[in-house]
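Structural overview
The primary structure of each chain is shown beneath.
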Amino acid sequence: MAGLAVRPARILIAALSGILAALVGTGVWIAAQARDEQGRAGDRQAALLAAGVHAKNLVSLDYRTVADDLRRIVDTSTGPARAEYTATAAKLESTTVGNKVVQHGVLRATGLVSMTATTARVLVVADVEIRWDGSKSAPQDRYYRWQMDLSKVGGLWLVSKVVQVT
């Protein structure tokens, strides 16, 4: 009879061990999902920030610091956008210095349109006031709306394409 009493205890211990293993497995799975979601949220924020910084660089040029300004634009881009900025940098620098252009830009908003692990599409709104040192012309206000495609390169989000939208 003693053997019969041991058997239900073993069954109970085995059942409780199985339940405990299932709970631990579920906890590990939930923690992994939370970590993945935190990583996606960090990527979303990083992509939005990168697009905003790039936009601010585009609308903030000063003839006195134009070489550094253009370097910042190139440094926050990749692929076709970087190639275009590199190809037009000398002409833009010459025009900016020759006309004594001072542009002060303000980032108004960024919004995520879509995202994968390595790409993002962001809409960006920025405004700029343009003036010309030594000119009697009144400053001009301009309003920019862009769609920016970004690529994750070496852990950094860089702008690969910029399209002005209306």
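Above: the structure in question.
Here goes a summary of the coordinates provided. Predicted model, so just to flag it, every value in this text is computed and none were measured. (Residues numbered from 1 in each chain as written. Predicted model: local features only at pLDDT ≥ 70, side-chain atom pairs only at ≥ 80, totals over all residues. Heavy atoms only, no water.)

Glancing now at the environment of Leu58. Mapped onto the fold, Leu58 is located in helix 1 (residues 2-59). In this structure, the C-alpha to C-alpha distance between Leu58 and Val74, residues 16 residues apart in sequence, is 9.9 Å. Each residue touching Leu58, except ones within four places of it in the same chain, is listed here: Ile73, Tyr85, Gln103, Trp146 and Met148. (Helix = DSSP H or I, 4+ residues; strand = E, 2+ residues; numbered from the N terminus. Contact = heavy atoms within 4.5 Å.)

Moving on to the pairing of strand 4 (residues 156-164). Two strands pair when backbone bridges link them, and strand 3 (residues 140-153) and strand 4 are joined in this way by 8 bridges, in the antiparallel orientation. Paired with Ser151 across the two strands is Leu158, which belongs to strand 4. Hairpin connection from strand 3 to strand 4: 2 residues lie between these consecutive antiparallel strands, with Gly154 at a positive phi of about 60 degrees. (Pairing = 2+ DSSP bridges.)

On to unusual backbone geometry. Non-glycine residue Lys100 carries a positive phi angle of around 50 degrees. Among the secondary structure elements, Lys100 is positioned in the loop between helix 3 (79-98) and strand 1 (101-115). With a relative accessible area of 40%, Lys100 lands in the partly exposed category. (Buried < 20%, exposed > 50% of the residue type's maximum accessible area, 1.4 Å probe, protein only.)

A sheet is described by the order of its strands in space; here 4 strands give the open sequence 1-2-3-4, paired in antiparallel fashion. Lying at the two open borders of the sheet, with one neighbouring strand each, are strand 1 and strand 4. Going across the sheet, the axis of each strand differs from the next one's by a mean of 30 degrees, ignoring polarity. Contacting strand 1 and strand 4, helix 3 crosses the sheet at an angle of about 70 degrees to strand 4. (Axes fitted to C-alpha atoms, helices over the stretch in contact; angles between N-to-C directions.)

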